[in-house]
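Structural overview for review
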Amino acid sequence: MRSIGFSGLHRFVLTLFLLLTCQPAFAEKRVALVLSNSVYQNVAPLPNPVNDGALIAATLKDAGFDVVDFRRDLPAVETRRVLRDFADRARDAEIAVVYYAGHGIEVDGANYLIPVDARLERDTDVYDEAFSLDRILIAIEPAKKLRLVILDACRDNPFAKTMKRTVASRAIGQGLAKVEPTSPNVLIAYSAKAGSTAADGDGNNSPFTTALSKHLTTPGLDVRRAFGYVRDDVLKSTNNRQEPFVYGSLGGEDVPLVPAPAKAAPPVAPASNPQADVRRDYELALQIGNKSALNAFLAQYPDGFYASLARLQLEKIAAEDARVAATEKARAAEQERARLAAEGAQRAEQAKAAADAKAAEQARLAAEKAKQVAQEQAAVAERKRLAAEKALSDKIAADKAAADKVAADQAAAPPAAASADKDKAVNVAALSTGSPQVDVTKSVQTELRRVGCLTGAADGEWNAASQRSLTLFNRYAGTRLDTKVANVDALDAIKLKPSRVCPLVCEHGYKAGGDRCTRIVCADGSFLNDDNECEKRRAKKPIAKRDSDDGPARRERAERPNVRIPRPLASSGGGGGGQIVCDRGGCRPVARGCHLEFRTTAQGGPYEGGGGNVQVCN
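Residues numbered from 1 in each chain as written. Predicted model: local features only at pLDDT ≥ 70, side-chain atom pairs only at ≥ 80, totals over all residues. Heavy atoms only, no water.

1. Comments concerning the overall build of the chain
- A count of helical and extended segments in the chain gives 17 helices and 20 strands.
- In the chain, which comprises 618 residues, the share counted as buried stands at 36%.
- Intrachain contacts of the chain at a sequence separation of at least 6 include 64% that bridge at least 24 residues.
- Counting only carbon and sulfur atoms, one obtains 53% of the accessible surface of the chain, whose full area is about 35900 Å². (Helix = DSSP H or I, 4+ residues; strand = E, 2+ residues; numbered from the N terminus. Buried < 20%, exposed > 50% of the residue type's maximum accessible area, 1.4 Å probe, protein only. Contact = heavy atoms within 4.5 Å. Areas by Shrake-Rupley, 256 points an atom, 1.4 Å probe, with all protein chains shown as cover.)

Okay, here's the thing in structure tokens:
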């Protein structure tokens, strides 16, 4: 590889600087939606929300937001349509902000924002005529870095005083209810603490919005500190009667809505090692990560190891562009086929459209496969680069340690010898280690937690649990990422998923509901079986029992203790033969020509006592 001097390095850094400052694609995309409801149709209008919305919209526009959509006095249907359109705009944004000024209400612990056409005659009307805070969170969910909701909606609500209660136990609170965001990188700011109301203000704007416009878009100011300043201003202006509050949490890094102004780059010192210069320039081009930066690097360094790495990165970018183009073409072809089928076009046209759609889909699958191959090749090359640089760094560190030891041993040597050794030690150069791998690992673990594939902490240690979580992501996302190491390719692939990928697994007795496990409660007469399902209990079958001691047969025998029923005797032919017959009239000899027979029935019904001997005369 050819060596370059200070002037060549200077030209390369200058080229990258121009790419960074002249192309807006490198900046974070920031989008905002501002909703203000003042002219309510069924209750008294609010004077300030429309002024508050206009002030916040102007503040965000002045701060350089890419999109600021300001809407006022919208009915429910149009509000939902605006939220749906805003979700599409937030899909490729880093920061998404929604500001709402107007009436809000809390019902059974859930918060609802009220459009201007709401009537809310009954408490259950809130589910049909208002829209929940969760609906706003869904709209900003695609944003990657910060999802911010600001609610100046804690005013004294006239709907709560007039609506009828359908269930006496249904709670309708004052102000808004406390929330605990379940997704990462979400902040929800109230103009007043949960359960309290906020002042609309005596001027053109509410105290909360006035403080917001002052502090929220301060360049370089972390958004959490900005809300702290807002809180202080509102407490001061309301004599401690109103305290704004923020729910949710962010990571350890500062997250400003407006980045700090760029500092002037320090002068570049002359390079002492050409190989270190090439690597540093490559890492800078890789960090920018677009074609222009990589092509600028190749123009400066057309040959060598790092040039090959840059070409692999360009192939990966080209494969991604081809995949996006093929996906768009497949979508257009499918829409054309569906349109012709719906319009009842001729069979030939429909067949051609179907063939085009099939070919476009095959091209999309091929582009997807090519992209995965390019990603894997680039990832393998990056791992080899890091391993080689680590080995070189270790060798240089060992050489430097040996040189330091020699210098220490010869500290008492004559000045001439010491000077020679000193010159020899000065020639030892070391490569910087570049960006730490632990930061990449932490970022991958954080994203895996966001998509529901990792339950452990993002500690920067790529252990067996982290590898299993990436394996789960591959299974459910249809990717083939290398699970043995956390790299930038894995981070980019996971960031493309806007919501949960791995299914939520709950223990026995709980079921998955969104991002939480909720307890399963079975109805009366049912129980939870081993399959985690409610099963109806079986009714007990009746069991036959013997007659008790007080049964009718036993009572009859008890009433006739002295009556003995003789067994039937064999007949002796004619005459009684000394036989005795007993009945209710008493006992007597059997008459001549008669005999005894044992019978169970008599004239008129069963024989009393269940059967006995009867005198039968021929």
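2. Here's the deal with the state of the cysteines
- Scanning all chains against the criterion turns up four disulfides.
- Here C522 is linked by a disulfide to C534, with a sulfur-sulfur distance of 2.1 Å. Linking C522 and C534, the disulfide has an S-S dihedral of approximately -90° and is accordingly described as left-handed. Residue C522 is located in the loop between β12 (516-519) and β13 (526-528), and its partner C534 is located in strand β14 (residues 534-536); the two are separated by 12 residues in the primary sequence.
- The class for C534 is partly exposed, based on a relative accessible area of 41%.
- Across a sulfur-sulfur distance of 1.7 Å, C594 and C617 are joined as a disulfide pair. Between C594 and C617, the S-S torsion sits near 105°, and that sign places the bridge as right-handed. (Disulfide = S-S within 2.5 Å.)

3. A short note on the environment of T327
- Looking at the secondary structure, you find T327 in helix α11 (residues 305-343).
- In sequence terms T327 and A360 are 33 residues apart; their C-alpha atoms lie 8.0 Å from each other.
- At 2.8 Å, the side chain of T327 and the backbone oxygen of R323 are in polar contact. (Polar contact = N/O pair within 3.5 Å; in protein donor to acceptor, adjacent residues only side chain to side chain.)

4. A look at the side chain of D152
- By the element assignment, D152 lies in strand β7 (residues 146-152).
- Overall, the relative accessible area of 0% leaves D152 in the buried class.
- Among the polar contacts listed, one links the side chain of D152 to the side chain of T209, at a separation of 3.0 Å.
- Among residues more than four places away in sequence, those in contact with D152 are D52, Y99, Y100, A101, G102, S191, S206, F208 and T209.

5. Quick word on helix α15 (residues 464-477)
- In this model, α15 (14 residues) spans 20 Å end to end at C-alpha, consistent with the 20 Å of a helix rising 1.5 Å per residue.
- Near the N-terminus of α15, the side chain that reaches the backbone nitrogen of A465, with its oxygen 3.3 Å away, is that of N463. (Expected span 1.5 Å × (residues − 1).)

6. Overview of the pairing of strand β9 (residues 186-190)
- Summarising burial for β9: five of the five residues are buried, a large majority.
- Of the two faces of β9, the one carrying V186, I188 and Y190 and the one carrying L187 and A189 are both buried.

7. A look at the packing of helix α7 (residues 207-215) against helix α8 (residues 223-237)
- Where α7 meets α8, the closest approach of the two axes is 9 Å, and the angle between their N-to-C directions is 140°. Classified by the angle their axes make, α7 and α8 are oblique. Read as a crossing pair, α7 and α8 show a hand that is right-handed. Where α7 abuts α8, its residues P207, F208, A211, L212, K214 and H215 lie against A226, F227, Y229, V230, D233, V234 and S237. (Axes fitted to C-alpha atoms, helices over the stretch in contact; angles between N-to-C directions. Parallel < 35°, antiparallel > 145°, perpendicular 65-115°, else oblique. Left-handed = near helix turned anticlockwise from the far one by under 90°.)

8. Considerations on the packing of aromatic side chains
- Within the structure shown, the criterion is met by six aromatic pairs.
- Between the aromatic rings of Y112 and Y127, the centroid separation amounts to 5.9 Å while the plane-to-plane angle is 75°, which identifies the pairing as edge-to-face. Placement of the pair is Y112 in strand β5 (residues 110-113) and Y127 in helix α4 (residues 126-129), with a sequence separation of 15 residues.
- Overall, Y112 belongs to the buried group, its relative accessible area being 10%.
- Residue classification places Y127 among the partly exposed positions, given a relative accessible area of 40%.
- Look at F245 and Y247: their rings are 5.0 Å apart centre to centre, the planes differ by 45°, and that puts the pair in the tilted class.
- Judged by relative accessible area, which is 5%, Y247 ranks as buried.
- Chaining the aromatic ring pairs together yields one cluster made of Y282, F297, Y301 and Y306. (Phe/Tyr/Trp six-rings, centres within 6.5 Å; stacked < 30°, edge-to-face > 60°.)

9. Re the pattern of salt bridges
- Evaluated as defined, the whole model comprises 25 salt bridges.
- As a salt-bridge pair, K145 and E28 come within 2.8 Å of each other at their nearest N and O atoms. Of this pair, K145 sits in the loop between α5 (133-140) and β7 while E28 sits in the loop between α1 (6-22) and β1 (30-36), placing them 117 residues apart in sequence.
- Among the salt bridges present, the one from D482 reaches R383, with a minimum N-O distance of 3.0 Å. Separated by 99 residues along the polypeptide, D482 in the loop between α15 and α16 (488-495) and R383 in helix α12 (residues 347-409) bring together distant segments of the chain.
- The exposure class assigned to D482 is partly exposed, which follows from its relative accessible area of 27%.
- In this structure R383 comes out as partly exposed when scored by relative accessible area, which is 29%.
- Linked through salt bridges whose partners overlap, the residues forming this network are D69, R71 and R89. (Salt bridge = Lys/Arg side-chain N within 4 Å of Asp/Glu carboxyl O.)

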